[in-house]
Amino acid sequence: MTSSTKKGMGRHGGGFTLAEVLICSVIVLIGFMALVAAFGQESVSIQRGEDTTVATFLADEIRDMALQMPFADVLALNGMTYSPVILSTGQAEQRTNWSQFIAVTPVSASDINHAPTGETTAARLTVDVRANGRTVLTQTYYIFKLDAVPYTDSSQHSG
């Protein structure tokens, strides 16, 4: 070889040392592991989002069912559990491992944070929706005995 050829190649003949290759491999491996971890976390987040959407739907179905009932029947829902879950029509929905737990608490219509004095005209309806025994969503609604509310049809009045 000529002296000019030796000068450009350096001491190791122009290649990478074993240490350089190992350091580069470790850096690439760390980056790859971070990507794999990110994809795993993303799938968990997607599943939680899907579960929350289903649970919200199932809680709303109990609320819709309660709104169709006489007020006394709503109070009787206290302590009920539906598994398989039900829709507002009363039909069972075939969702394996899902359940709806219902709690109904009478409250004062004028102050929903306190128990009623006298006749019950309002209730707090709490629906706990679970998947595989784990609470996915707890939703609270307020139901009022509408026949106890004075109603005036403003369209009947002339101006």
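Look above for the structure.
Criteria and thresholds
- Residues numbered from 1 in each chain as written.
- Predicted model: local features only at pLDDT ≥ 70, side-chain atom pairs only at ≥ 80, totals over all residues.
- Heavy atoms only, no water.
- Patch = residues over 30% accessible without salt bridge, like charges linked within 9 Å, V, L, I, M, F, W, Y side chains within 5 Å.
- Areas by Shrake-Rupley, 256 points an atom, 1.4 Å probe, with all protein chains shown as cover.
- Salt bridge = Lys/Arg side-chain N within 4 Å of Asp/Glu carboxyl O.
- Helix = DSSP H or I, 4+ residues; strand = E, 2+ residues; numbered from the N terminus.
- Buried < 20%, exposed > 50% of the residue type's maximum accessible area, 1.4 Å probe, protein only.
- Pairing = 2+ DSSP bridges.

Novice: Mind showing me how you'd approach a nonpolar patch on the surface here?
Specialist: A surface patch of nonpolar side chains, amounting to about 410 Å² of accessible area, comprises L29, F32, M33 and V36. For M33, the position within the fold is in helix 2 (residues 18-67).

Novice: Even after reading the chapter, I still don't get the side chain of S99, so can you show me in this structure?
Specialist: As for its placement among the helices and strands, S99 is situated in strand 2 (residues 98-107). Accessibility expressed as a relative area gives 10% for S99, which makes it buried.

Novice: For this particular structure, what's the right way to read the sheet that holds strand 1 (residues 81-82)?
Specialist: Hydrogen bonding along the main chain pairs the strands of a sheet, whether they run parallel or antiparallel. Spatially, the 4 strands line up as an open sheet ordered 1-2-3-4, and their pairing is antiparallel. Whereas interior strands pair on both sides, the edge strands pair on one side only; in this sheet they are strand 1 and strand 4 (134-144).

Novice: Would you take a moment to explain the environment of T121 for this structure?
Specialist: Relative to the assigned elements, T121 resides in the loop between strand 2 and strand 3 (122-131). Judged by its relative accessible area of 17%, T121 is buried. When the C-alpha positions of T121 and S108 are compared, they lie 7.1 Å apart, and in sequence the two are 13 residues distant.

Novice: It is not clear to me how the pairing of strand 4 should be interpreted in this structure. Could you clarify?
Specialist: Remark: a regular strand shows side chains that alternate across the two faces of the sheet. One ladder, built from 10 bridges, connects strand 3 with strand 4; its direction is antiparallel. For D128, the partnering residue across the bridge sits in strand 4 and is T138. The antiparallel pairing of strand 3 with strand 4 creates a hairpin that spans 2 residues between the two strands, and N132 there sits at a positive phi of about 55°.

Novice: Sorry, what's going on with the pattern of salt bridges here?
Specialist: When the charged atoms of two side chains lie near each other, side chains of opposite charge can form a pair. The full count for this structure, using the stated rule, is 6 salt bridges. For the salt bridge of E119 with K145, the shortest nitrogen-to-oxygen distance reads 2.7 Å. Of this pair, E119 sits in the loop between strand 2 and strand 3 while K145 sits in the segment after strand 4, and the two are 26 residues apart along the sequence. Judged by relative accessible area, which is 54%, E119 ranks as exposed. In this structure K145 comes out as partly exposed when scored by relative accessible area, which is 22%. A salt bridge links D128 to R130, with the nearest nitrogen and oxygen atoms 2.5 Å apart. For D128, a relative accessible area of 11% gives the class buried. Residue class for R130 comes out partly exposed when judged on its relative accessible area of 26%. Via salt bridges that share partners, D60, R63 and D64 belong to a single interconnected network.

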